[in-house]
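Examination of the molecular architecture
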Amino acid sequence: MSVIKVTSEHQYDVVIGKPWLSELITSLPDYSRVAIFFSENQRKYIPEVSTPAEVHYFPLPDGEGAKSSQTLLKMWDWMGAAGFTRSDVVIAVGGGTITDAAGFLSATWMRGIDWIAVPTTLAGMVDASVGGKTGINSEYGKNLIGAFHSPRKVIIDPEWLRTLPARDLAAGLAEVIKTGFISDASILDLMKEFHLDRDRENLELLTQLIEKSVSVKAQVVSTDFRESFEREILNYGHTLGHAIERHSRYALRHGEAISIGLVFAAHLSSIHCSLSSDVVQQHIDLLSKIGLPTSYDREAFAQLHALMSIDKKSRGNSLRFVGLSEVGKTQRIEGLKMEDIALVYEKIAK
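Figured I'd write up the structure that's included with this text. Note that this is a predicted model, so its numbers are computed, not measured.

Moving on: the overall build of the protein chain. The helix and strand inventory of the protein chain stands at 13 helices and 11 strands. Dimensions along the principal axes, computed over C-alpha positions, put the protein chain at roughly 60 × 40 × 35 Å. In the protein chain, which comprises 350 residues, the proportion classed as buried is 57%. Here the contacts in the protein chain between residues at least 6 apart in sequence split such that 71% fall between residues at least 24 apart.

What follows is the structure in structure tokens.
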């Protein structure tokens, strides 16, 4: 077991490698009521939680359906009907959509109550559950409605990874690879030797990758909780990635869309940050080796550009990208014209 501390509006622990249910139960004695939110497709994995507190179980739609305003209205109604107050706690058991939605519920119910994240997907473990960003989607874009509201604890039990199909595990590895490029090259060394079919149940290796990725995010978030500057490096590959995710109507997993965004960001960096062609190719090799996409529809560019323009990383009429000059060294790329972006997009178009 390892514990990584994150400093935000308060300090909290990310506990990695301990059985989630026992760790959760030890975290509940101070609460009167407990709301456990989980996705419908994980209902069979949610046991009865034995605690003196009054426990309520609330299933949410699978996938991005959990992050809609309609779902949030139902969640608020459930909390009100059950009588939840500031002395109570929300538990989010699930992937990134569940932790995002339940975290935002916690941020908004009575102006903020405690919550605990139990991520069950690799993407949730290394990205969505850590850092205090919570939110839901708008008809106009992903995560446009949200708040910074950190959990009281994050409980990462790698045993959950045994429940994932290979596609979801690969999608989560896109976020792992991202942290390698922006900060920790040892992650890239491990991923070079990683083979999805052989290593998908190698929990020792996966736990090592989780610890390294969470450590990167914890360090960045603790330095810049509200994303005034430093935290923006975590958006590497996400400006285009979020637009692709939205354009695909979420047919692509988050990590699959981010994979394409990472390759685009690498090509953009080769032009505007002098990133070497070898590192660009390293992006393509690592991502494609685990079956992730690295290209997208050529005809989609105009729509993607419009979607990027209302992304939360934009400032005014200017798109803002995170670039890479070498592994571990990031910088902002701003002030590009549409034709500049289109030229780079051609490198990933199919």
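What follows concerns the pairing of strand β7 (residues 133–138). Of all 6 residues making up β7, 5 are buried, and the element is well covered by its neighbours. Turn length for the β7-strand β8 (residues 141–148) hairpin, with the two strands adjacent in sequence and antiparallel, is 2 residues.

Before going further, it helps to examine the nonpolar core. Counting residues in hydrophobic clusters, the biggest one holds 116 residues, and the most contacted among them are V14, F37, I91 and Y345. It is helix α8 (residues 203–223) that provides the largest number of residues to this core, a total of 10 residues.

On the basis of which strands lie adjacent, the open sheet formed by 7 strands has the order β1-β2-β9-β6-β5-β3-β4 and mixed pairing. Pairing within the sheet leaves two strands with one partner each, and these edge strands are β1 (2–7) and β4 (54–60). Here the average twist between neighbouring strands, direction ignored, is 15 degrees. Bridging between strand β3 (residues 33–39) and strand β5 (residues 89–94) involves 5 bridges; their strand directions are parallel. Within the sheet, the bridge partner assigned to V34 lies in β5 and is V89. Sitting on the sheet, α8 is in contact with β1, β2 (11–16) and β9 (153–156), with an inclination near 20 degrees to β1.

Here the focus is the side chain of K153. Relative to the helices and strands, K153 resides in strand β9. Within the structure, the side chain of K153 is placed 2.7 Å from the side chain of E23, a separation counted as a polar contact. A distance of 3.0 Å separates polar atoms of two side chains, one belonging to K153 and the other to S27. Non-local contacts of K153, meaning those with residues more than four positions away in its chain, are made with Y12, D13, V15, E23, S27, W115, I116 and A117.

Their axes nearest at 7 Å, the elements helix α5 (residues 166–182) and helix α10 (residues 254–272) cross at an angle of 40 degrees. In terms of orientation, α5 and α10 fall into the oblique class. As for the relative orientation of α5 and α10, their crossing is left-handed in sense. Only H254, G255, E256, I258, S259 and L262 of α10 make contact with α5, whose side of the interface consists of R167, A171, A174, E175 and K178. When the residues that make up the contact of α5 with α10 are grouped by side-chain class, the tally is 4 nonpolar, 3 polar and 4 charged.

Judged by side-chain polarity, Y140, L144, I145 and I310 come together as a nonpolar surface patch covering roughly 370 Å² of accessible area. Mapped onto the fold, Y140 is located in the loop between β7 and β8.

This paragraph deals with α10. With 19 residues, α10 extends 26 Å from end C-alpha to end C-alpha; this agrees with the ideal 27 Å at 1.5 Å per step. Of all 19 residues that make up α10, 16 are buried, and the element is covered over most of its length. Positive backbone phi, at 60 degrees, marks S274, one or two positions downstream of α10.

Attention now goes to the packing of aromatic side chains. Summed over all chains, the structure comprises 8 aromatic pairs. The interplanar angle of 45 degrees and the centroid separation of 5.3 Å between the aromatic rings of F301 and Y345 together place this pair among those described as tilted. Here the residue F301 occupies a position in helix α12 (residues 301–309), and Y345 occupies one in helix α13 (residues 338–345), the gap between them amounting to 44 residues. Both residues of the pair, F301 and Y345, count as buried. An aromatic cluster is present here, built from W20, Y45 and W160 joined pairwise through their rings.

What counts as what
Residues numbered from 1 in each chain as written. Predicted model: local features only at pLDDT ≥ 70, side-chain atom pairs only at ≥ 80, totals over all residues. Heavy atoms only, no water. Helix = DSSP H or I, 4+ residues; strand = E, 2+ residues; numbered from the N terminus. Buried < 20%, exposed > 50% of the residue type's maximum accessible area, 1.4 Å probe, protein only. Contact = heavy atoms within 4.5 Å. Pairing = 2+ DSSP bridges. Core = buried A, V, L, I, M, F, W, Y, C linked by side-chain atoms within 4.5 Å. Axes fitted to C-alpha atoms, helices over the stretch in contact; angles between N-to-C directions. Polar contact = N/O pair within 3.5 Å; in protein donor to acceptor, adjacent residues only side chain to side chain. Parallel < 35°, antiparallel > 145°, perpendicular 65-115°, else oblique. Left-handed = near helix turned anticlockwise from the far one by under 90°. Nonpolar A, V, L, I, M, F, W, Y, C, P; charged D, E, K, R; others polar. Patch = residues over 30% accessible without salt bridge, like charges linked within 9 Å, V, L, I, M, F, W, Y side chains within 5 Å. Areas by Shrake-Rupley, 256 points an atom, 1.4 Å probe, with all protein chains shown as cover. Salt bridge = Lys/Arg side-chain N within 4 Å of Asp/Glu carboxyl O. Expected span 1.5 Å × (residues − 1). Phe/Tyr/Trp six-rings, centres within 6.5 Å; stacked < 30°, edge-to-face > 60°.

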